[in-house]
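# Inside the fold
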Amino acid sequence: MNYPEKLRVGGTFYGVVYQPVLRTTSSVRIKGGKVVLKLSRFAYGAGRDEIVRKFLKWAEKRLSKVASNDFINPVYEDGGRIVTHNKIYDLSVDVEQGRNISKARLKNGNLIRITLASGLSLSVAKKTIQNLSEKLIIKDQTPYLLEVLNELNQLYFQENFINCRFKRTRSRFGSCSTKRNINISFRLLFAPREIFRYVCVHELAHLKEFNHSKGFWYLIESAMPHYKNCEKWLKDNGFLLG
């Protein structure tokens, strides 16, 4: 069986990656806009074909729920564009022969200029470009995060929080610690603005109710009556962000 390299869902094509693994079980996930199948070395023949068929069917069903017009994933390459709520960053990348350390700087408020060290492999260069870009954007966007949190806090909660920051997390969208520090996933800069604000409201509400009790959800609904739509959006689309 020839396995497809792309999966078409509606009018969008998603790349499909097949990775052999030493485990006894196979798995599938959607990461970085691609369907990644990790196939056990013990799966072969018709059994392997059936696993691939089921995994691709699952991925197609999962991706059919995506509201792809709601966000634009960042493009971390020379000439790429990174669209956030309040700014569009253009990306310029070059390689300096003889340079040992890669560097990045922000020019004119929205141009990210990255100079790569020489001799990097393609995969390392890609990771370096993304890493340096994200660090610059997080630093540049932190005042925006503080502005949104202060606005929502003043409107609905009137509580004190100690610190706020963007974090490059993929397992969760936000957190509020017992020390009253609020962390918001950097990936939410690529979600619709209302989704970003909902997660901010969610974490601010924990300043009053450090749990998910009825009282907590009452606070959320009072601030955002349609919060369940945001929850659904995150469930259907959040795994593709960033």
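These notes cover the structure that comes with them. (Residues numbered from 1 in each chain as written. Predicted model: local features only at pLDDT ≥ 70, side-chain atom pairs only at ≥ 80, totals over all residues. Heavy atoms only, no water.)

### Notes on the overall build of the protein chain
Spelled out, the test is: Each helix corresponds to a stretch of at least 4 residues labelled H or I by DSSP, and each strand to a stretch of at least 2 residues labelled E; elements are numbered beginning at the N terminus. Accessible area is worked out with a 1.4 Å probe on protein chains only. A residue is then buried under 20% of its type maximum, exposed over 50%, and partly exposed in between. Here a residue-residue contact requires only that any non-hydrogen atoms of the pair lie within 4.5 Å. Computed with the Shrake-Rupley method and a 1.4 Å probe, the accessible areas treat only the protein chains shown as cover for residues. The positive count covers Lys and Arg only, the negative count covers Asp and Glu only, and His and the chain ends enter neither. The atoms used to mark charge sites are NZ of Lys, CZ of Arg, CG of Asp and CD of Glu.
Check the secondary structure of the protein chain and you find five helices and 11 strands. Projected onto the principal axes, the alpha-carbon positions of the protein chain cover approximately 60 × 50 × 35 Å. Burial statistics for the protein chain: of 242 residues in total, 39% are counted as buried. Considering only contacts in the protein chain between residues 6 or more positions apart, those separated by 24 or more positions represent 45%. If you sum the accessible surface of the protein chain, you get close to 14,100 Å²; carbon and sulfur atoms cover 50% of it. Of the side-chain charges in the protein chain, 41 are positive and 21 negative, and the distance between the mean point of each set is 6 Å.

### Section: the environment of K135
Along the polypeptide, K135 turns up in helix α2 (residues 122-156). Remark: the alpha-carbon pair of K135 and K6, spanning 129 residues in sequence, is separated by 31 Å.

### Some thoughts on the pattern of salt bridges
Just so we agree on the cut-off: Salt-bridge detection follows one rule: a side-chain nitrogen of Lys or Arg within 4 Å of a carboxyl oxygen of Asp or Glu.
Going through the model one piece at a time under the given rule, you end up with nine salt bridges. The shortest N-O distance in the salt bridge between E151 and R197 comes to 3.0 Å. With E151 in helix α2 and R197 in helix α3 (residues 193-205), this residue pair connects regions lying 46 residues apart in the sequence. Judged by relative accessible area, which is 18%, R197 ranks as buried.

### Description of the packing of aromatic side chains
Which entries qualify depends on this criterion: Pairs were defined over the aromatic rings of Phe, Tyr and Trp, the Trp ring being its six-membered one, requiring ring centres within 6.5 Å. Orientation was assigned from the angle between planes: stacked under 30 degrees, edge-to-face over 60, tilted for the rest.
Under the definition given, this model contains eight aromatic pairs. Judged by centre distance (5.5 Å) and plane angle (10°), the ring pair of Y144 and F196 falls under stacked. Placement of Y144 in helix α2 and of F196 in helix α3 is noted, with a sequence separation of 52 residues between them. As far as the burial class goes, Y144 and F196 line up, both buried. The interplanar angle of 70° and the centroid separation of 6.3 Å between the aromatic rings of Y156 and F157 together place this pair among those described as edge-to-face. Put simply, the rings of Y198, F216, W217 and Y227 pair up and form one aromatic cluster.

### Brief notes about the sheet that holds strand β6 (residues 88-96)
Strands pair in a sheet through their backbones, by hydrogen bonds, and they do so in one of two ways: parallel or antiparallel. What counts here: When DSSP finds at least two bridges between two strands, those strands are taken to pair. To get an axis, fit a line to the C-alpha atoms, keeping to the stretch in contact for a helix; angles then go from 0 to 180 degrees between the N-to-C directions.
Here four strands make up an open sheet; going across it, the order is β5-β6-β8-β7 and the pairing mixed. Either end of the sheet is taken by a strand with one partner, and the two such strands are β5 (81-83) and β7 (103-107). The average angle at which neighbouring strand axes cross in this sheet is 25°, direction not considered. In terms of strand pairing, β5 meets β6 through three bridges, oriented antiparallel. From the neighbouring strand, V83 faces β6, where its bridge partner is I88.

### Quick word on the side chain of Q141
Summarising the element assignment, Q141 is placed in helix α2. In contact with Q141, not counting residues within four places along its chain, are T84, N86, K87, Y89, F166 and L189.

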